[in-house]
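# Secondary and tertiary structure notes
Below, each chain spelled out in residue letters.
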Amino acid sequence: MNVRDVLKYGNRTLMQSLDGLAEEDWHAGGVCGVWSVKDIIAHLASHELVLLEVLDTFLGADPGPYMQGFGQPNASFNDLQVEQRANLSVQEVLDEYEAAHQQVMGKAARIPPETCRQVGTIPWYGPEYALDDLIAYGNYGHKREHSAQINVYRDSLS
């Protein structure tokens, strides 16, 4: 698997779902549960930051605060991250997501493909998984799911 391609196409799908969406349409709840499009992007920004820290661990760093928060058993990470971005503008949330994605792309390029495929390197995700599995399921698949929700919402605007 080409990890950078998977990351690129997940981002492209997400950006296509946002293309041309009027700013006022970013704020209506109910796109994903109670979340608006802005909330979804805030959520995905936090997950991009988790992935950035995961990649950092493959480059020798210790897990950072996003990874630590993501792993908490009470499952409040997602709501907390969205809430922390509630006062940001649409542009600020989108900028945070895009900046994190660019950093992810750069760090992913530094990890050899054989390391990405090595099973057991992310035991917290599951001992039978490798980094490329996390990227395929937890990043690409996650963005595809939320992109589809945004597209359904956009259809309702017509």
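Parameters at a glance
Residues numbered from 1 in each chain as written. Predicted model: local features only at pLDDT ≥ 70, side-chain atom pairs only at ≥ 80, totals over all residues. Heavy atoms only, no water. Helix = DSSP H or I, 4+ residues; strand = E, 2+ residues; numbered from the N terminus. Buried < 20%, exposed > 50% of the residue type's maximum accessible area, 1.4 Å probe, protein only. Lys, Arg positive; Asp, Glu negative; His and termini not counted. Salt bridge = Lys/Arg side-chain N within 4 Å of Asp/Glu carboxyl O. Contact = heavy atoms within 4.5 Å. 1 Å grid on protein atoms, 1.4 Å probe; cavity = no way out; pocket = protein on both sides within 12 Å on 5 of 7 lines; lining within 4 Å. Points joined across faces, edges and corners; volume = space filled by probe spheres on them. Nonpolar A, V, L, I, M, F, W, Y, C, P; charged D, E, K, R; others polar.

This part covers the environment of His-27. Note on placement: His-27 falls in the loop between helix H1 (3-18) and helix H2 (37-58). Classification of His-27 as partly exposed rests on a relative accessible area of 45%. Along the sequence, His-27 and Lys-38 sit eleven residues apart, while their C-alpha atoms lie 6.2 Å from each other.

Here we take up the side chain of Asp-25. Its location among the elements puts Asp-25 in the loop between H1 and H2. Buried charge Asp-25 goes without a salt bridge, the closest partner of opposite sign being Arg-154 at 7.5 Å. Ignoring sequence-local partners within four residues, the contact set of Asp-25 consists of Val-37, Tyr-153 and Leu-157.

When its volume is computed, the largest pocket comes out at roughly 200 Å³. Lining the largest pocket are 15 residues, with His-47, Phe-70, Leu-134, Gly-138 and Asn-139 sitting closest to its centre. Of all elements in the fold, only H2 and helix H7 (131-157) reach the threshold of two or more residues within the lining of the largest pocket. Partitioned by chemical class, the residues of the lining of the largest pocket number nine nonpolar, four polar and two charged.

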